[in-house]
Amino acid sequence: MNKRLLALILGSCMTASLLGGCATAAPAPAAEAPAAEASTDEAAPAASGDIKIALITMDSIDQHWVTLNEGAQAEAAAEGVTVDFMSPDTKDDSKQIECVNNAVAGGYDAILVAANGPDAISGALNEATSAGIKIIYVDSPANVEAEATFATNNEAAGKTAGEEMLKELQAKGIDSGDIGIVNVNASTQSCVDRETGFRSAFEGTDYNILETQYCDGDAAKAQSIAENYITQGVVGIFGANEGSTTGTGNAIKAAGSDIVGVGFDKSDSIKNLIVDGNLLCTMAQNPDVMGSEGVKAAVSAVNGESLGGKVVDTGVTVLNKDNIQ
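This is a predicted model, so every value here is computed, not measured. (Residues numbered from 1 in each chain as written. Predicted model: local features only at pLDDT ≥ 70, side-chain atom pairs only at ≥ 80, totals over all residues. Heavy atoms only, no water.)

Draft legend 1. Local environment of the nonpolar core. The biggest cluster of nonpolar side chains holds 26 residues, and the ones touching the most others in it are Ile-53, Leu-55, Leu-112, Ile-136 and Val-295. Elements supplying a minimum of two residues to this core: β1 (52-56), α2 (63-79), β2 (82-85), β3 (110-113), β4 (134-138), β5 (148-151) and α10 (287-302). Per element, the largest residue contribution to this core is seven residues, and it comes from α10. Residues in contact with Leu-55, not counting those within four places in the same chain, are Leu-68, Asn-69, Ala-72, Val-83, Asp-84, Phe-85, Met-86, Ser-87, Leu-112 and Val-138. Core analysis: the second largest hydrophobic core is formed by 22 residues, Ala-54, Met-86, Cys-99 and Leu-125 among them. (Core = buried A, V, L, I, M, F, W, Y, C linked by side-chain atoms within 4.5 Å. Buried < 20%, exposed > 50% of the residue type's maximum accessible area, 1.4 Å probe, protein only. Helix = DSSP H or I, 4+ residues; strand = E, 2+ residues; numbered from the N terminus. Contact = heavy atoms within 4.5 Å.)

Structure (structure tokens):
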């Protein structure tokens, strides 16, 4: 069954589904039923203006995802295709699954997706691929084969974050002590990999990495967790994503502490915390590159090009007070 026919069948389901937590752009006008076609083994390449791409990230709030969408929209304009930012309002597996289902019902040709976790969304993505939709991962993959993945090498970047903290602690003459980690959850693979890399930087040292605490990416929760770590007398705290990092920096600021805070992602709040000396540095990803390269790959895949499941490291930069401007 082709995607356009599937869209007509599922169209009646789409309105009810849209009442949930998945934020979507206004629905496009219903497509006309295709004219009868001669039997052929291969579909003709789609005209650029006819290609519809759904962008589904973990949420629609974090600056990281907003920037990723900006990169995707800029490339969509250059390619002459449509990209709809259909992400949920908060990190929630059921809402993200709903967004994928809406993309299938809406007859999209490709989905750019940053999966909350490797497994929860997999069933919905398998249904999408069965409908002929091309899957491209941006930032965080699931356990379903995709045309391509554009993401940070999170374990390597996490190790860099650990090495930056280690250098600063040693420069302060601190050769041992407890270190806290504020992470999103235990199932978001990208953040789990960051934590793995961070911990590896301290192997063979006298530092003690405490049990990870989770904030679901919420800055207020992260601040509360970081405040508890500060009360315990830690010498450093690592935030594994934007919300975790913002909360960590705010806790250090509120305590007037010289604890070494290192984080991930960039936002105006994080930049200000670095400038003010409340965070040492952050691992700045390139979400705009993920978005733009993801759109290019989606257009190629929809037009029949085999991308072979390639994985592209989109890089990371250590932002600190010296280069933050």
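Draft legend 2. Up close: the environment of Tyr-207. Tracing the sequence through the fold places Tyr-207 in strand β7 (residues 206-209). When the C-alpha positions of Tyr-207 and Ser-176 are compared, they lie 4.5 Å apart, and in sequence the two are 31 residues distant. From its side chain, Tyr-207 meets the backbone oxygen of Ile-174 in a polar contact 2.3 Å long. (Polar contact = N/O pair within 3.5 Å; in protein donor to acceptor, adjacent residues only side chain to side chain.)

Draft legend 3. Expanded view of the confidence of the model for the protein. For the protein, per-residue confidence averages 89 on the pLDDT scale, and residues scoring 70 or more make up 85% of the total. The low-confidence segment residues 26-43, where pLDDT is below 50, has five contacts with residues more than four positions distant or belonging to other chains. (pLDDT = per-residue confidence, 0-100.)

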